[in-house]
Amino acid sequence: MSKKFALRHTTVAVASLITLISVTTVQIATAAEKANKKPAGTYVTGDFHNHSTCSDGSLSMQKLIDKSVKTFGLDWFVQADHGGSSARNCTLREDPFEPVAPALGLTTSSTGPFPPATYPTGGQPATTLKGPNQSWEATLPGGRAAIKGDGTAVPKRMWVWQEIQEFQYKVTEDESRARQKPIWIGLEQNAPGHEHVSMAVLQGQRPWPQSGVSGNATLQAQYEYCFDRSDTDTSRGAENQWDCSVAGTTSTDALNTTSRKISGTNSSATPDLGHRKTIEGLKWLKEKAPTTSYFVPAHLERAGVYNPTGNRGFNIEHLRAFNNTAPNIAFGFESMPGHQAADTRGEYSPNRGASLANPNGGIDSVGIGTYGGTGIYAAKIGGVWDALLGEGRNWWFFASSDYHNRGSFGADQRESNQDFLPGEYQKDYVMARKGTNNLSAEAIIDGLRSGNSFAGSGDLIDRLAFVACAANPALPRAAFKALVEKAAANAALKNGEVRMNGCATMGEKLVVAPGADVLVAIAVRDPQGKNFSPYSFPNPSLKQIGITQPLDAPVLDHIDVIGGNVTGIVSPTDLAKFAGQEGTAAASNTSAGIKKVFNSTNWTATSDGLRVMSYRIPAVKVSQYVRLRGTNLPASTPFETDANGNPLNDYVLLPYFDPSKTLPEQPGKVVCSDAACPAHMRTIDGVKYSSFDVSAWADLWFYSNPVYIEVTNSFKVVGAK
Amino acid sequence: MITKRIFSSSLILSAMLTLTACGGNNPLSLEDAAIDLSTKIGTYLSELTSSAGLNTKALPNLFAEKFLDGGFTKADLVNSLTANSTALESNPELSLFPIATVTNAKLSGCDSNNICTLNGTLTNADADTTSVEFSTKVLVSLGVVYFYGDQSSTSSI
């Protein structure tokens, strides 16, 4: 597992970065709002990173949206294809139903957990030259001439800015209004100097509940033109005549005089140029859409460590730089990636990208694999995420499905050996304060920004109220505990939050006097019934330890309360603390650890699945944070969790085929011995191993965002309110 | 000058007992004494949002000298309130703590040491009303009811 880039490269990158960022602008905020100033809200489910045939996905926009908000019931959705150019017209619907025998005998819409008449939907994966696989060139009335695109390729490829501005936005808005759910268009940016970023500019878009005059995605399209690495158009958006300059930035003079954007990216000739361009993009968002945009690095460990002469991953210094540049826009990461049913979970692996022609030419994902489906940046206690939280930053955890296709299965089939559809496996649960109004995209983006959210897989939990309250010294301990626990339980039952003065929830900070006791209360709901797994045979991972539990009816085993100290924002000039790869001091928080474990022995369970628990942090002396994770797997589940309950490397559980195809396929670790184990499991010498979707359904986790506790004479938590 | 008649029988406790309010001569029943305590604690708790309220002596006076609740003493209470008062003066963002009212207060189960059980309803109504039933030990002394705590020096809470 070689590390491809030395620290010196990182140092060079940071040195360059610092010349660019002369002033850090970390947000300063106040303590949690008083309870009566918080409009009522609920946690709403959604996903902001999935693909259609307008990039490298397999579905039309309409079908992808239908799967997301109807079949799997998401409350909100963002269409986010890659930037650059593409040849296929994703605004066309799927062909009329082309039967592909649904797997698992589920042949009618009345079978299974899906709502009637939604399964199977019309249209299996569109075949070549049909439905949304048809080209823009073949389907636009103006043909090739109507395409503002690149090159001489046949069919002609359309610039994504044109797709967004002229075609995709209309479909998105129509779908949103027809379905009465906030659905808007974003982008999975090919970030210059890095791999990918999930982002959106809502400004101008008018999804439901807005009605009447149509909106536009012009700013989103312009961002794509200006800042997507794969968009090499120099036309300034044709008649748009865009200029990508940002007021008051040092890089404006680097704009190409023709394209009016920064040309190029990281290369040996222009090290770090791409990263600087990405920073410029953030400044642009801050200028154009300061409260209606977001920028969330996606699967950020997958492409390895940062390379100043290539477009690879993200080190912690880049996350810090993003957050410093635009704290209200760059406020988190997608460290629970999509592609959870892939042969290497999340598509994380060693030597990633190697080929037969170049067998050693790949890149090691940071951490090599995911850990319980989450990248090492968030999964490792005391690692990158805890380092960022230890500064008191507003840096939040998100998940995405990153749906492209189901591998060898069709979109209407239930197995997958590649991706899960949005809402099928992973969800972001985001606090939306809509008051008496309809749910809106603005409220959801506010919720994303606030940090009042949690994410998880397999519907392990579907409700969470997580709060830290300053213990009232004048109330009996037992009574105070009962009061706060009851408030948490009530909130969870209402799918809301605790609104009580003297308490703070996720993304907020509780400001307390030195020596105060803090009561942490948690109420989660382990949903009763089945999740969307098509498998009801016993979980193979749990079977190893004698637990029989259907894959489609997971049970929350325990919750870890993870805490760490806050020691203030690290200055970009303090390179030793600011910059470094995973595992270095700069990317670590040694104070972080598991502070408390809750399970059936010390939580109160009710028949409706509610689990209520609390514990007291006595006499706090320093500023700190607490966050949660939970899983269906007990500690010391072989190949899944260690003795402390930490998730183990999924790549070890699911070793990949040799990328060069010169070595035999490696077996898995956990045998899938049940007669119902599906045929597509990795099978060696007649032994089926838990793999692909089965291994994902077997290993479920949720992560909450943190609650900060600021002690008045200790470090200030600047990233939370 | 003070008539003190404490009965340990719960049946008898339901009857009116003659007590004298602190500093006065009006007889109070146990029921009234419980209500008096709950009213006072509610009033003083509601004032814990200012430095003056945090510094009031009236609130600690509701606690017995031997108050001990999960290792928390009356001195700890005073220190905590003082610390919050000091912190509030220097940092107006101080979150302070949840406030609650006590209603339906009733005393029962008094023993020979005049330690009784106070049952009541604790309610926070900042935005979403939360109520719980609770009970705690109180000391009845010279006609006044004081919080007494669970007398445990450690706490699992």
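Residues numbered from 1 in each chain as written. Chains lettered and ligands numbered in written order. Predicted model: local features only at pLDDT ≥ 70, side-chain atom pairs only at ≥ 80, totals over all residues. Heavy atoms only, no water.

Peer 1: Hey, could you go over the overall build of chain A for me, with residue numbers and the actual values?
Peer 2: Counting secondary structure elements, chain A contains 15 helices and 25 strands. The contacts of chain A with a sequence gap of at least 6 include a subset with a gap of at least 24, amounting to 77%. Here chain A has roughly 22,400 Å² of accessible surface; of this, 53% comes from carbon and sulfur atoms. (Helix = DSSP H or I, 4+ residues; strand = E, 2+ residues; numbered from the N terminus. Contact = heavy atoms within 4.5 Å. Areas by Shrake-Rupley, 256 points an atom, 1.4 Å probe, with all protein chains shown as cover.)

Peer 1: Please give an account of the packing of helix 2 (residues 61-71) of chain A against helix 4 (residues 160-179) of chain A that cites residues and values.
Peer 2: Residues and elements named next belong to chain A. At a closest axis distance of 11 Å, the pairing of helix 2 and helix 4 adopts a crossing angle of 30 degrees. Relative to helix 4, helix 2 is oriented so that their crossing is right-handed. On helix 4, the residues touching Met61, Gln62, Ile65, Asp66, Val69 and Lys70 of helix 2 are Gln168, Val171, Thr172, Glu175 and Arg179. For the contact of helix 2 with helix 4, a count of residues per class yields four nonpolar, three polar and four charged. (Axes fitted to C-alpha atoms, helices over the stretch in contact; angles between N-to-C directions. Left-handed = near helix turned anticlockwise from the far one by under 90°. Nonpolar A, V, L, I, M, F, W, Y, C, P; charged D, E, K, R; others polar.)

Peer 1: Quick rundown of the side chain of Thr370(A)? Include the residues and the values.
Peer 2: Residues and elements named next belong to chain A. For Thr370, the position within the fold is in the loop between strand 9 (332-336) and helix 8 (376-379). The exposure class assigned to Thr370 is buried, which follows from its relative accessible area of 1%. A distance of 2.6 Å separates a polar atom in the side chain of Thr370 from a polar atom in the side chain of Asp650. Beyond its immediate chain neighbours, meaning those up to four positions away, Thr370 contacts Pro337, Arg345, Gly346, Tyr348, Gly375, Leu648, Asn649, Asp650 and Tyr651. (Buried < 20%, exposed > 50% of the residue type's maximum accessible area, 1.4 Å probe, protein only. Polar contact = N/O pair within 3.5 Å; in protein donor to acceptor, adjacent residues only side chain to side chain.)

Peer 1: Any chance you could break down the interface of chain B and chain A for me, citing the residues and the numbers?
Peer 2: With 36 residues of chain B in contact, the opposing surface of chain A contributes 41 residues. At the boundary of chain B with chain A, total buried surface from both sides reaches about 3,000 Å², with 62% on carbon and sulfur atoms. Where chain B meets chain A, there are four salt bridges. Note that Arg499(A) is salt-bridged to Asp128(B), the shortest N-O span being 2.6 Å. (Buried area = accessible area lost by both parts, 1.4 Å probe. Salt bridge = Lys/Arg side-chain N within 4 Å of Asp/Glu carboxyl O.)

Peer 1: How would you sum up the packing of aromatic side chains? Please name residues and give values.
Peer 2: All names here are of chain A. For the structure shown, the criterion picks out 28 aromatic pairs over all chains. Judged by centre distance (5.0 Å) and plane angle (40 degrees), the rings of Trp136 and Phe167 are tilted. Of this pair, Trp136 sits in helix 3 (residues 136-139) while Phe167 is found in helix 4, placing the two residues 31 residues apart along the sequence. With a relative accessible area of 0%, Trp136 lands in the buried category. Ring centres of Trp161 and Trp242 lie 5.3 Å apart, and the angle between their planes is 80 degrees; on these two criteria the pair is classed as edge-to-face. With Trp161 in helix 4 and Trp242 in the loop between helix 5 (218-227) and helix 6 (273-288), the pair connects residues that are 81 residues apart, well separated along the chain. For the residue pair Trp161 and Trp242, the accessibility class agrees, reading buried in each case. Ring pairing ties together the aromatic residues Phe333, Trp385, Trp395, Phe397, Trp701 and Tyr703, which thus form one cluster. Sitting over the ring of Tyr225, Lys261 keeps its end group 4.0 Å from the ring centre. For the cation-ring pair, Arg320 lies above Phe578, with the distance from its terminal atom to the ring centre recorded as 5.8 Å. (Phe/Tyr/Trp six-rings, centres within 6.5 Å; stacked < 30°, edge-to-face > 60°. Lys NZ or Arg CZ within 6 Å of the ring centre and 35° of its normal.)

Peer 1: Requested: an account of unusual backbone geometry, with residues and values cited.
Peer 2: All names here are of chain A. Here Val154 and Pro155 are connected by a cis peptide whose omega angle stands at -5 degrees. Within the element layout of this structure, Pro155 appears in the loop between strand 4 (149-150) and strand 5 (157-159). Note the cis peptide between Trp208 and Pro209, where omega equals 15 degrees. Mapped onto the elements of the fold, Pro209 is located in the loop between strand 7 (196-201) and helix 5. Phi at Arg260 takes a positive value of approximately 55 degrees, unusual for a residue other than glycine.

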